[in-house]
Structure formats: C-alpha cells, structure tokens
Amino acid sequence: MAGVTGGNDFQWCFSQVKGAIDEDVAEADIISTVEFNYSGDLLATGDKGGRVVIFQHEQESKNRPHLRGEYNVYSTFQSHEPEFDYLKSLEIEEKINKIRWLPQQNAAHFLLSTNDKTIKLWKISERDKRAEGYNLKDEDGRLRDPFRITSLRVPVLMPMDLMVEASPRRIFANAHTYHINSISVNSDHETYLSADDLRINLWHLEITDRSFNIVDIKPANMEELTEVITAAECHPHQCNVFVYSSSKGTIRLCDMRAAALCDRHSKFFEEPEDPSSRSFFSEIISSISDVKFSHSGRYMMTRDYLSVKVWDLNMENRPVETYQVHEYLRSKLCSLYENDCIFDKFECCWNGSDSAIMTGSYNNFFRMFDRNTRRDITLEASRESSKPRATLKPRKVSTGGKRKKDEISVDSLDFNKKILHTAWHPKDNVIAVAATNNLYIFQDKIN
Amino acid sequence: MLGRGVKRKWSSLEGSEAEQLPDAAATEDKRLDAALEDSEEEDRGDRRSRTDAGHLQQRQLVLSLCLKKLQHYQAGVELSLRRSVLLINTLRQIQEEMQSDGTDVQLGGVSRDARLLRDDFREDESVTCPGCTEGDAESPSPPPSPEPTNTTPTDLHKPLPNVVGHTFSDAGSAMGYLSDLALDDIFEDIDTSMYESSELPSAWAAGSLWPVSVSFWPNDDDVKLCSSAGSLQSCLLDLNELDHIMEILVKS
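Residues numbered from 1 in each chain as written. Chains lettered and ligands numbered in written order. Predicted model: local features only at pLDDT ≥ 70, side-chain atom pairs only at ≥ 80, totals over all residues. Heavy atoms only, no water.

1. Quick notes on the overall build of chain A
Turning to step 1, where the next piece is worked out: Regarding its fold elements, chain A presents two helices and 32 strands.
Turning to step 2, where the next piece is worked out: Its C-alpha radius of gyration of 24 Å places chain A within 12% of the 22 Å reference for a compact globule of 447 residues.
Turning to step 3, where the next piece is worked out: On the principal axes, the C-alpha backbone points of chain A span a range of 90 × 60 × 40 Å.
Turning to step 4, where the next piece is worked out: Residue burial in chain A is summarised as follows: out of 447 residues, 54% are buried.
Turning to step 5, where the next piece is worked out: Residue pairs in contact within chain A that sit at least 24 positions apart in sequence constitute 55% of those at least 6 positions apart.
Turning to step 6, where the next piece is worked out: Per element, the accessible surface of chain A, about 20700 Å² overall, is 47% carbon and sulfur. (Helix = DSSP H or I, 4+ residues; strand = E, 2+ residues; numbered from the N terminus. Rg over C-alpha atoms; globule rule 2.2 N^0.38 Å. Buried < 20%, exposed > 50% of the residue type's maximum accessible area, 1.4 Å probe, protein only. Contact = heavy atoms within 4.5 Å. Areas by Shrake-Rupley, 256 points an atom, 1.4 Å probe, with all protein chains shown as cover.)

2. Details of the overall build of chain B
Turning to step 1, where the next piece is worked out: The number of helices and strands found in chain B is 13 helices and zero strands.
Turning to step 2, where the next piece is worked out: Counting helices and strands in the order they occur from the N terminus, chain B gives α-α-α-α-α-α-α-α-α-α-α-α-α.
Turning to step 3, where the next piece is worked out: Taken across its 252 residues, chain B has 52% of its residues classed as buried.
Turning to step 4, where the next piece is worked out: Taking contacts inside chain B between residues at least 6 apart in sequence as the whole, the part at least 24 apart equals 77%.
Turning to step 5, where the next piece is worked out: Carbon and sulfur atoms provide 56% of the accessible area of chain B, an area that totals close to 11200 Å².

3. Structural notes on the sheet that holds strand S2 (residues 31-36) of chain A
Residue and element names in this part refer to chain A.
Turning to step 1, where the next piece is worked out: Strand order in the open sheet formed by four strands is S2-S3-S4-S5, and the pairing between neighbours is antiparallel. Two strands lie at the open edges of the sheet, namely S2 and strand S5 (71-78), each paired on one side alone. On average, each strand axis in the sheet is tilted by 20 degrees relative to the strand beside it, whichever way the strands run.
Turning to step 2, where the next piece is worked out: The pairing of S2 with strand S3 (residues 42-47) spans five bridges and is classified as antiparallel. Across the sheet, residue Thr33 finds its bridge partner in S3, namely Gly46. (Pairing = 2+ DSSP bridges. Axes fitted to C-alpha atoms, helices over the stretch in contact; angles between N-to-C directions.)

4. As for the sheet that holds strand S8 (residues 98-101) of chain A
Residues and elements named next belong to chain A.
Turning to step 1, where the next piece is worked out: Strand order across the open sheet formed by four strands is S8-S9-S10-S11, with antiparallel pairing between neighbours. If you trace the sheet from one side to the other, it starts and ends with S8 and strand S11 (156-172), each paired once. In this sheet, neighbouring strand axes are inclined to one another by 25 degrees on average, regardless of whether the strands run parallel or antiparallel.
Turning to step 2, where the next piece is worked out: As judged from the six bridges shared by strand S9 (residues 109-114) and strand S10 (residues 119-132), these two strands associate in the antiparallel manner. What sits directly across from Thr114, in S10, is Ile119.

5. Remarks on the pattern of salt bridges
Residues and elements named next belong to chain A.
Turning to step 1, where the next piece is worked out: Scanning the model with the defined rule gives 31 salt bridges over all chains in all.
Turning to step 2, where the next piece is worked out: A salt bridge links Lys48 to Glu27, with the shortest nitrogen-to-oxygen separation between them at 3.3 Å. Taken together, the residues span a long stretch of sequence, with Lys48 in the loop between S3 and strand S4 (51-57) and Glu27 in the loop between strand S1 (12-18) and S2 at a distance of 21 residues.
Turning to step 3, where the next piece is worked out: Classification of Lys48 as partly exposed rests on a relative accessible area of 27%.
Turning to step 4, where the next piece is worked out: Given a relative accessible area of 51%, Glu27 falls into the exposed group. (Salt bridge = Lys/Arg side-chain N within 4 Å of Asp/Glu carboxyl O.)

6. A look at the pairing of strand S21 (residues 299-303) of chain A
All names here are of chain A.
Turning to step 1, where the next piece is worked out: With four of five residues buried, S21 lies mostly within the body of the structure.
Turning to step 2, where the next piece is worked out: Where strand S20 (residues 290-293) folds back on S21, the antiparallel hairpin that results is connected by five residues, among which Gly297 adopts a positive phi of roughly 85 degrees.
Turning to step 3, where the next piece is worked out: Pairing of S21 with strand S22 (residues 307-312), which is carried by five bridges, proceeds in the antiparallel orientation. Counterpart to Met300 in the pairing with S22 is Trp311.
Turning to step 4, where the next piece is worked out: Between S21 and S22, which follow one another and run antiparallel, lie three residues.

7. Here we look at helix H4 (residues 81-101) of chain B
All names here are of chain B.
Turning to step 1, where the next piece is worked out: Spanning 21 residues, H4 covers 30 Å between terminal C-alpha atoms, matching the ideal 30 Å at 1.5 Å per step.
Turning to step 2, where the next piece is worked out: Of all the 21 residues making up H4, 17 are buried; the element is thus mostly covered by neighbouring parts of the structure.
Turning to step 3, where the next piece is worked out: Backbone geometry just downstream of H4 places Gly102 in the positive-phi region, at approximately 85 degrees. (Expected span 1.5 Å × (residues − 1).)

8. Quick notes on the side chain of Arg82 of chain B
Turning to step 1, where the next piece is worked out: Within the secondary structure, Arg82 of chain B is located in helix H4.
Turning to step 2, where the next piece is worked out: Buried within the structure, Arg82 of chain B lacks any salt-bridge partner; Asp197 of chain A is the closest side chain of opposite charge, at an N-O distance of 7.4 Å.
Turning to step 3, where the next piece is worked out: In this structure, Arg82 of chain B is in contact with Asp197, Val228, Thr230, Ser287, Phe343, Asp344 and Lys345 of chain A, ignoring residues within four places of it in sequence. (Lys, Arg positive; Asp, Glu negative; His and termini not counted.)

9. Observations concerning the confidence of the model for chain B
As a general rule, the predicted coordinates of low-pLDDT regions are not to be interpreted in detail.
All names here are of chain B.
Turning to step 1, where the next piece is worked out: Across chain B, pLDDT averages 49, with 17% of residues at or above 70.
Turning to step 2, where the next piece is worked out: A low-confidence stretch, residues 1-29 stays under pLDDT 50, and its non-local contacts, those more than four residues away or across chains, total 38 contacts.
Turning to step 3, where the next piece is worked out: Here residues 105-237 scores under 50 on pLDDT; set against residues more than four positions off or in separate chains, the count is 228 contacts. (pLDDT = per-residue confidence, 0-100.)

10. Some remarks on the packing of aromatic side chains
Turning to step 1, where the next piece is worked out: Here the structure, examined in full by the defined rule, presents 18 aromatic pairs over all chains.
Turning to step 2, where the next piece is worked out: Its end group placed over the ring of Tyr299 of chain A, Arg371 of chain A keeps NZ or CZ at 4.7 Å from the ring centre.
Turning to step 3, where the next piece is worked out: The ring of Phe343 of chain A is capped by Arg83 of chain B, whose NZ or CZ atom sits 5.3 Å from the centre of that ring. (Phe/Tyr/Trp six-rings, centres within 6.5 Å; stacked < 30°, edge-to-face > 60°. Lys NZ or Arg CZ within 6 Å of the ring centre and 35° of its normal.)

11. Looking at unusual backbone geometry
Residue and element names in this part refer to chain A.
Turning to step 1, where the next piece is worked out: In this model, Asn364 sits at a positive phi of 60 degrees, which is unusual for a non-glycine residue.
Turning to step 2, where the next piece is worked out: Its location among the elements puts Asn364 in the loop between strand S25 (356-360) and strand S26 (365-370).
Turning to step 3, where the next piece is worked out: Of note in the backbone geometry, Arg374 takes a positive phi value of approximately 60 degrees without being a glycine.
Turning to step 4, where the next piece is worked out: Tracing the chain through its elements places Arg374 in the loop between S26 and strand S27 (376-380).

12. What to know about the environment of Leu136 of chain A
Residue and element names in this part refer to chain A.
Turning to step 1, where the next piece is worked out: Within the secondary structure, Leu136 is located in the loop between S10 and S11.
Turning to step 2, where the next piece is worked out: Counting along the chain gives 282 residues from Leu136 to Lys418, while the straight-line C-alpha distance between them is 59 Å.
Turning to step 3, where the next piece is worked out: Beyond its immediate chain neighbours, meaning those up to four positions away, Leu136 contacts Arg142, Leu143, Arg144 and Ile149.

13. A short note on the nonpolar core
Residue and element names in this part refer to chain A.
Turning to step 1, where the next piece is worked out: Residues Phe281, Tyr305, Leu329, Leu336, Tyr337, Ile342 and Leu413 are the most contacted members of the largest nonpolar core, which totals 36 residues.
Turning to step 2, where the next piece is worked out: Those residues in contact with Tyr305 that lie beyond four places of it in its chain are Ile285, Ser287, His326, Leu333, Leu336, Cys341, Ile342, Asp344, Phe346 and Tyr362.
Turning to step 3, where the next piece is worked out: Among the nonpolar cores identified, the runner-up in size contains 19 residues, and Cys349, Ala356, Trp424 and Phe442 belong to it. (Core = buried A, V, L, I, M, F, W, Y, C linked by side-chain atoms within 4.5 Å.)

14. Re the pairing of S27 of chain A
Residues and elements named next belong to chain A.
Turning to step 1, where the next piece is worked out: Most of S27 sits inside the fold, with four of its five residues counted as buried.
Turning to step 2, where the next piece is worked out: Across five bridges, the pairing between S26 and S27 is antiparallel. Its bridge partner lying in S27, Arg367 is registered against Thr378.
Turning to step 3, where the next piece is worked out: Counted between consecutive antiparallel strands, the loop separating S26 from S27 contains five residues, among which Arg374 sits at a positive phi close to 60 degrees.

15. Description of the environment of Leu42 of chain A
Residue and element names in this part refer to chain A.
Turning to step 1, where the next piece is worked out: Mapped onto the elements of the fold, Leu42 is located in strand S3.
Turning to step 2, where the next piece is worked out: By relative accessible area, Leu42 is classed as buried at 1%.
Turning to step 3, where the next piece is worked out: For the pair Leu42 and Phe242, spaced 200 residues apart in sequence, the C-alpha separation works out to 26 Å.
Turning to step 4, where the next piece is worked out: Ignoring anything within four residues of it in the chain, the contact list for Leu42 reads Glu35, Phe36, Asn37, Ile54, Phe55, Gln56, Tyr74, Trp101 and His109.

Printed below as a string of structure tokens:
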C-alpha cells in the first residue's frame, strides 16, 4: 500500500457523495460518526438527529466496470430519541456519539450505537422470504374457522421484496453520569467498554442490568478535578488490555488481569512538553481527542488539536512518529480559542495495513500520512471536484510570506467546515469522510 | 522592550474597546491574534519576560474570554465537562503565573472588591473593573432599563477602557476574583449543578432563591446565573438529597 499519500503510482478519486446539497444545513443532519464494519461491506453513519444510516457496498456492475461498486443505502433507523432527565432537569440529546460494529457471526449484522447516556445494541437483518399456507390462519393473518379446516398443508416459503429490519436487541442504560465519549467492542466478542468523562464501564453484550466500573477518576472533591477521560479503546487482540486518553495529553494502558478496578495503570504514555512552545493554550491543544490501536495491536495513534502521534506500546516516554496536521494554526490559537474551535474533537483512523493514517482538519480538508515514505497529503472534500472518477487535487495552505499559486492562505480557511470523522475501509483503499451533513466516499484510482 | 508594534496595539486596543460593538468581533479576532503573534515574536527575540506588554495583554484577553466562556457555559448552553475542565485549568495557569509574577502583591485594595463579588458575582465588572463593581454593589439597584439589556458577549469588554490604563490592578482584580471565589464556585457549578444533581435553571426560575440578582439586575439574563454561593449551596444540597433518595428507591 505504498504511496497512499499521492505517490506517482497512486491517486485518490471521487466516488460518491451522500446527503443534501442545500446550503442551509439542518442541525439534525450533521454527521456525528462514521464506521465501516469488519468486512468493509457496510458503512454506518450516525447523526445529531439520532439516526443511523447504513450503506452497503454493491458489487461492480458490468456496464460501469471502472467503478469498484458503490455504497447505497441499506437501512435507516432512528437509534436514539431526545429525552429529558426529570430528576436532573437535563435534556439528553439524541446525537449519536459513536457506532461500533460487532464481528459478524451469522447472516445478521449487529452494531452498538450510543448517545451521551444510553448504549443500544441493534440487529440488522434481511428478510426476502415469507411463509405462506399456514393451517390456522389465512393469508391476511386472520384465524381461520377451525371447522373449515379439513386438511393439513405444509407452509411454504415464498420470495418477497428484500426487507432490511433494524431491531433494538439490548439497551444499556443508567450506567453513565457523564457524557459517553467512546464505546469499544472487546476482542473476546463478548464484552465491550464504554467511557464517559470520568469513568469507564465494562459490559457483557448480553447483560444490560449490570456493568463493571473499571476506571473511575472522579475525585471525592470535584474541586480537585483537573483531568477528564477523552477516549478509550480495547486492544484488538488482547482482551485484558485497554487504553484511555486524557485531557492532559496522556494515555494510560490498563491490564484488567492486574485488578478488577484499573484505577492504577500499567503503562503511562506521555511526551514531555516543549517549554519553548508553551502558551496559555498548551494544555487545551494537548488534550487528546481520539485514540486508536493499529490493526496489528503494536501501535496506537492519538490525535490532539494540532498533531497526530503514533506510539509504540513498548515505549512510553515519547511517540515514535509525530505528524503535524495543521501547524499553521498555531499562530491562530487565540481566535480559535475565542470561537471555541480549539475544543473541536478530531478523530483519526488507520488504513487496513497500518501503513497510513488519516485525520481531518478545517475548510473541509483532510490529511493523510504515509508512515513508510513519511509523505503527507492534504485533500479536500468538496462538491466542486465531485465528478465521477475525478482525481483529487492535493491542496496546500500557504504557511508564510508569499502565497504561491493554488495555495490557500490561512486567513481564508473556513472554520465552520470541519472534518471531524473519517473512516478507512479495513481492506481496500476506500475512505469515508464526513463533512458536516455530507458523506464523501473516495477510492484509489484504478488505471 | 516595547516594540513599535506593541505600542500601536495598545492604542488601537484603547480605541476599539471604548466603543466595543457586537459586530466588532472580527476586528477583535484580528487583534487577538495580533496580540498572540506579538508575544510570540517577543518569544523569538530575547527570552520573554512575563511583564511584556503583549504577554500581559494576551493574558488579560485569555482570562476574560475564559471567564466569559465559563459563565456562558453555566447557562447550560453547552454541557461539556472536558471543555470546562480545560477552561478552568487555563484559569489556574493564569492564576499561578500571576502569583509567580507577584502581580497579586498589588491586590491590596482590590481583594475587597473580590469580596463584594462573592455576594453578587457580577460577571463583567467583576473580571475587569473593580471600580464599577464597587459602585454597583453600593447603590442597591441601578434603574432597571425598560428594554432588554444587550448581553452580547462583547459586553464583557466594555469596562476595558478603564483597564487599559491599569493592567496591573486589573489583573489583580481578576486574581482576587479567582483566589477568593471563582474557582470554588465554578467547580460547584460543574460538579453538582450540571451533572450530579441538576442543571438548575429550573431552580433559578423560582426567583425567590435569588433575591440579590433579581433585584439588582432584573434585565440582565446572565446575572441570574451568577448567584450567591450560599443559596446555590442550599439548593444543591436539596437536589443532592433528592438524588440520593431516588437512588435508594431505584435500587431497592
């Protein structure tokens, strides 16, 4: 997978865009999470309106052989509704904070979706046949008069139009006082963890009335609170290991074998602060917004406001790789602080072979970094370049002095257009990029 | 130490602050960054001494924005523990810096104001303008203006003209504000009001709980949020008990 970031042999091209073209965006339509399933055949998005939309990859058609097949809507359902906590006089938003797929075990697909407080396990299953010829009821479902039943018949399965049903199978509620920021399915495929600002709980997928609190950083006296949990994830292979990141820019790796309550970490990853770049915003920009294990389980990646860091799990004192996402914003921190952008939570993702990483930026730009060649590229998700198979042109932000042709100056970046959520197909070079209410799908160009 | 650019910023600050209008946000935006860049330039030159005008100016800006955001946050507009913890840590950092600067030595007269703030916790004046606060607090009620007061965020900067002349006493006021009261109260709000017991606006609606704010600033929406610590405490206590009782009921 060399050259994912724009070598001569490789180019990204536009494939699809989903969502309305309207200029005024309804708040409820803003995409709040994007996630491929394990095979990459399904792509789920959640939005601020509490809906989950699942797209399915369709095999290439014969008349359009250049395309590797498109993602089309497979199922849409309302996962969460707005609620009101009467005891606390708090509104609970329906916004989907995270979606996580479960590994597929049978014909049906399962996913977990969560808002601030409640996690739900959804089953998505297909039905394309129905039984006909029951003995006790007629075709409309009405009971037949028993005296009229004179013979027995064997019901038969008749084909019908494909129906995709989403049904809630489990609801995991009332375990989080604070806002849930992460859910992560464990590699044992039986348990998962959910993290809020101060606590992490461990659940069994079958059991909804009980969860184990495995991390609790809430101080007895809330005045002493200086740090919150910002993200958490289970190790992809070792079911006893998980990590969580904090608002102070640190990551703690915990081993559930060590103790039932993992308040004490096994490993503590932190990079010493560079005193020369210290400012009032140092802590805010070092706050980690996302943490993701590599597929191999050897590395993890963290995203803070200005950079992405790759950590080797065997080295705690500094990351093995650091990539600047939009360093040119360092001189703009004060206004980003004023308009609250500095608190944006950018996510990050690995490609299928862990050789490249991707994360978002402002102005509908997103960045890719090739770990082998150390090359990086800035691409833009925009309607202008969204012609079928159009190659994405690398974008450049001028960082100082003279602005070259084709460069965009820092001052003209649109901070309302931000790409917070992206996903990379687990096997292929297909990426999904959420830009406000639009979902862009790009893929590598087959020459 | 003061470069030409810095001086210009000071005067332009004075000018723009004198008649800060809501739509002046863009100019301010630039000014903020200019302040930051200034301080960074100084960084690169000789090592920054913390009394640099640019640095102080930026600190003041960050501080007031911080407080503005925290108070806005209390209105329940945005409920993010992460955001408020980061904001409060920034406040703490500024506080520590001021302490190590010795800025607080000059607090003398100001801390009294801070104590006044404990009673009424007025947001704008409290942060920046000790004089205003004192005046307001002593005259029991300024005449309530009939039309809704403009409570846009930029109001925060109205008192700044005073400030520009007295960066130190000004910083001092903020200091007193912080050390005497703000952190504690802010934390109370985050902990109990937002999450543990209730968000409180409903409780605020019962005006009787907040006689001070209601009588002093009937038209200022924000004031309702900035209530006396005492009544907040009692209110939270009740709600906490309710929470506790409900917990027992639910579990049994």
